Amino acid sequence: MAASPVASQRDSWATRLGFILAAVGSAVGLGNMWRFPYVASEGGGAAFVMLYLAIVAVVGIPLMTAEFVVGRLTQQSPLVSVRRLGGKAWAPLGWLFVVCGFGILSYYSVIAGWTMRYAIDAVRNAIPSDSSAYFTAVSSGLDATLFHVLFMAVTIWIVVQGVQKGLERSVLVMMPILFLLLAGLAVWAGTLEGGDPGYGYYLRPDLGALLRPGILAAAAGQAFYSLSLGMGALMTYASYLRSKENLGGEATMVALADFGVAFVAGLLVFPVIFAFDLFDTVSESSIGTLFIALPKGFEVLGRTGDFVDTAFFVLLFLAALSSAISLLEVVVTAMIDRWGWRRSRAALVAGGAITLLGVPSAFDLDFLGAMDQITGNFLLLVGGLGIAFFVGWRIFPQADAELALGLESPGLRRTWGVLVRYVAPVILVAVLVSAWPATWTAVRTLLGLE
Ligand code: PHE
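First, a word on what this report is: a plain description of the structure on this page. Predicted, not measured: the structure shown is a model, and the values here were computed from it.

**Here we look at the overall build of the protein**
Then, in step 1: A tally of regular secondary structure across the protein gives 18 helices and 0 strands.
Then, in step 2: Here the C-alpha radius of gyration of the protein, 21 Å, is about what a compact globule of 450 residues would show, namely 22 Å.
Then, in step 3: By residue count, 60% of the 450 residues in the protein fall in the buried class.
Then, in step 4: Residue pairs at least 24 apart in sequence account for 85% of intrachain contacts in the protein once pairs closer than 6 positions are excluded.
Then, in step 5: Of the roughly 16800 Å² that the protein leaves accessible, carbon and sulfur atoms contribute 67%.
Then, in step 6: For the protein, the separation between the mean place of its 26 positive charges and that of its 28 negative charges on side chains is 15 Å.

**Re the pattern of salt bridges**
Then, in step 1: If you walk through the whole model with that rule in mind, you get 9 salt bridges.
Then, in step 2: The shortest N-O distance in the salt bridge between R10 and D337 comes to 3.1 Å. Here R10 is found in the segment before α1 (16–27), whereas its partner D337 is found in helix α14 (residues 303–339), with 327 residues between them in sequence.
Then, in step 3: Residue class for D337 comes out buried when judged on its relative accessible area of 17%.
Then, in step 4: We note a salt bridge from D121 to R117, for which the minimum N-O separation is 2.9 Å. Highlighted residues: D121 and R117, both in helix α5 (residues 91–123), separated by 4 residues, approximately one helical turn.
Then, in step 5: The exposure class of R117 is buried, given its relative accessible area of 15%.
Then, in step 6: One salt-bridge network, held together by shared partners, links R117, D121, R124 and D143.

**Quick notes on α14**
Then, in step 1: For α14, built from 37 residues, the straight-helix expectation of 54 Å at 1.5 Å per residue is met to within 8% by its first-to-last C-alpha distance of 53 Å.
Then, in step 2: Taken as a whole, α14 carries its principal kink of about 25° at E329.

**Some details on the side chain of R72**
Then, in step 1: Tracing the backbone through its elements, the reader meets R72 in helix α3 (residues 46–74).
Then, in step 2: Residue classification places R72 among the buried positions, given a relative accessible area of 2%.
Then, in step 3: Of the polar contacts made by the side chain of R72, one reaches the side chain of E402; its length is 2.7 Å.
Then, in step 4: Ignoring sequence-local partners within four residues, the contact set of R72 consists of A238, S239, L241, S243, K244, E245, L247, E402 and L405.

**What to know about the packing of helix α13 (residues 288–299) against α14**
Then, in step 1: The geometry of α13 relative to α14 is characterised by a closest axis approach of 9 Å and an angle of 155° between their N-to-C directions. By the angle between their axes, α13 is roughly antiparallel relative to α14. Each of L290, F291, L294, P295 and F298 in α13 lies in contact with α14, whose residues at this interface are G305, V308, D309, F312, F313 and L316.
Then, in step 2: Among the residues forming the contact of α13 with α14, the class breakdown is 9 nonpolar, 1 polar and 1 charged.

**Observations regarding a nonpolar patch on the surface**
Then, in step 1: Taken together, the side chains of F389, W393, V418 and Y422 present a nonpolar region at the surface, about 390 Å² in accessible area.
Then, in step 2: Of all the secondary-structure elements, those providing two or more residues to the nonpolar patch are α16 (365–394) and α18 (410–446).

**With respect to unusual backbone geometry**
Then, in step 1: Positioned with a positive phi, S228 is a non-glycine residue whose angle comes to about 60°.
Then, in step 2: With respect to the secondary-structure elements, S228 resides in the loop between α10 (215–226) and α11 (233–238).
Then, in step 3: If you check the backbone angles, D277 has positive phi at about 55° while not being a glycine.

**Examining the site of the ligand**
Then, in step 1: Residues in contact with the ligand amount to 14 residues; listed here are only the nearest, A27, G31, Y108, Y225 and S228.
Then, in step 2: Within the side chain of N32, a nitrogen or oxygen atom sits 3.2 Å from an oxygen atom of the ligand.
Then, in step 3: At 3.0 Å, a side-chain N or O of S228 approaches a nitrogen atom of the ligand.
Then, in step 4: In isolation the ligand offers 320 Å² of accessible surface; the protein chains occlude 100% of this area.
Then, in step 5: Contributing elements (two or more residues each) for the shell around the ligand: α1, α2 (30–42), α10 and α14.
Then, in step 6: In terms of residue class, the shell around the ligand is built from 6 nonpolar, 8 polar and no charged.

**Let's talk about the side chain of T155**
Then, in step 1: The topology assignment puts T155 in helix α7 (residues 142–160).
Then, in step 2: Not counting residues up to four positions away in its chain, the partners in contact with T155 are L321, A324, I325 and L328.

**Some thoughts on the packing of aromatic side chains**
Two aromatic rings are characterised by how far apart their centres lie and by the angle between their planes.
Then, in step 1: In this structure the tally under the stated criterion is 31 aromatic pairs.
Then, in step 2: When the centroid spacing of 5.8 Å and the interplanar angle of 65° are considered together, the rings of W188 and F298 count as edge-to-face. Separated by 110 residues along the polypeptide, W188 in helix α8 (residues 163–190) and F298 in helix α13 bring together distant segments of the chain.
Then, in step 3: On the basis of relative accessible area, F298 is assigned to the buried category, the value being 0%.
Then, in step 4: A centroid spacing of 5.7 Å and a plane angle of 45° characterise the contact between Y201 and F270, whose relative ring orientation is tilted.

**Examining the environment of Y225**
Then, in step 1: As for its placement among the helices and strands, Y225 is situated in helix α10.
Then, in step 2: Note on Y225: relative accessible area 10%, which makes it buried.
Then, in step 3: Linking Y225 and V28, residues 197 residues apart in sequence, is a C-alpha distance of 9.8 Å.

The rules behind these values
Residues numbered from 1 in each chain as written. Predicted model: local features only at pLDDT ≥ 70, side-chain atom pairs only at ≥ 80, totals over all residues. Heavy atoms only, no water. Helix = DSSP H or I, 4+ residues; strand = E, 2+ residues; numbered from the N terminus. Rg over C-alpha atoms; globule rule 2.2 N^0.38 Å. Buried < 20%, exposed > 50% of the residue type's maximum accessible area, 1.4 Å probe, protein only. Contact = heavy atoms within 4.5 Å. Areas by Shrake-Rupley, 256 points an atom, 1.4 Å probe, with all protein chains shown as cover. Lys, Arg positive; Asp, Glu negative; His and termini not counted. Charge placed at Lys NZ, Arg CZ, Asp CG, Glu CD. Salt bridge = Lys/Arg side-chain N within 4 Å of Asp/Glu carboxyl O. Expected span 1.5 Å × (residues − 1). Bend = angle between axes of the 7 residues up to and from the residue. Polar contact = N/O pair within 3.5 Å; in protein donor to acceptor, adjacent residues only side chain to side chain. Axes fitted to C-alpha atoms, helices over the stretch in contact; angles between N-to-C directions. Parallel < 35°, antiparallel > 145°, perpendicular 65-115°, else oblique. Nonpolar A, V, L, I, M, F, W, Y, C, P; charged D, E, K, R; others polar. Patch = residues over 30% accessible without salt bridge, like charges linked within 9 Å, V, L, I, M, F, W, Y side chains within 5 Å. Near = heavy atom within 4 Å. Phe/Tyr/Trp six-rings, centres within 6.5 Å; stacked < 30°, edge-to-face > 60°.

So, in structure tokens, the structure goes:
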């Protein structure tokens, strides 16, 4: 396929900051806020945090760089890029990305819908004291469906406006607010009486936990999910880059920002749980935790609590929205580049289909959980393995030349090559094998066999 004339009129970022904030916005999401704190505390606290950081450094940053390289190299949607650079045999990898975008956004939007509902009810001071009954009532059924549809409508609306007017403008507003809210809440949590043991619980270095089977899979799965890796989201964002940024440097920055937010989220969540004695409510790492336990704690505080409640759910909502637009963008840009559709048409059709696919998740939490396991914990890793092989073995010389535009140090590029070609595939295969049993159970759940 020759370079299409469309490429030159293609959308692009107006500023480097816009690109970075959009990539950070994609990465920072529900995964950082509710998933990281619990996975970390269960996985050995500070010891897990170290393991997680090691995976981010050894697999996460190199693969993110790889996604950036492919995106900027082709200036096309990932669906088109992998086929164009790799040939027909690689086309399924592009389709896998689109499937992940569909699957993840379908249930992600349901959870994001809860955050909208909670934020609105917090402003109206209408979250009842029995927060667990409230969660049960709003987390599935018609209410959940309604807010899922609303959330998708907002996401579609932003994506319809295009890269500069939609994505870039919205992250320039959302991300600073998000950082401020998070920092403010974390400082507030530090002032809570009786909250200090929470820090200890979160971060106690339990080295023994690192020997448990499945801990590597937990860390790697969390890293991929949190960094938005393995499904072409960041590849898509990099395809709107024109200038010759140092892609390795950008990837490091995005990964560190993502980690920082996840880490600080833990500093917020655990003191609250300890200060208000919410351990009974915290049902393992289940998704309800944040939605049930935290409002219960905030309630004790009266007016301050209403304020904190609102701030907290607005924070979650913004984090979810800036991730959702990247998920939808992958599918939309695929339709634009592959079939020549107009952006508005692509966003409406893809967004509409994803909304429909999300309805079963809005009615059944088990279905939602199974979708999360299959797409978020498994297919992303398959996609990551695909990207490692594609970039490391199929287009390596080209990718290396592209990376050289910004990353001049040959030593660093050599290290990158080794990590992408050898280290990442080995780790990913090990992780996929250990994630398979849970994924198989999830497939059976979806099919109604469990
Ligand atoms: N990184 C997002 C989060 O942490 C989720 C996500 C995954 C977004 C994959 C885009 C692509 O919530």
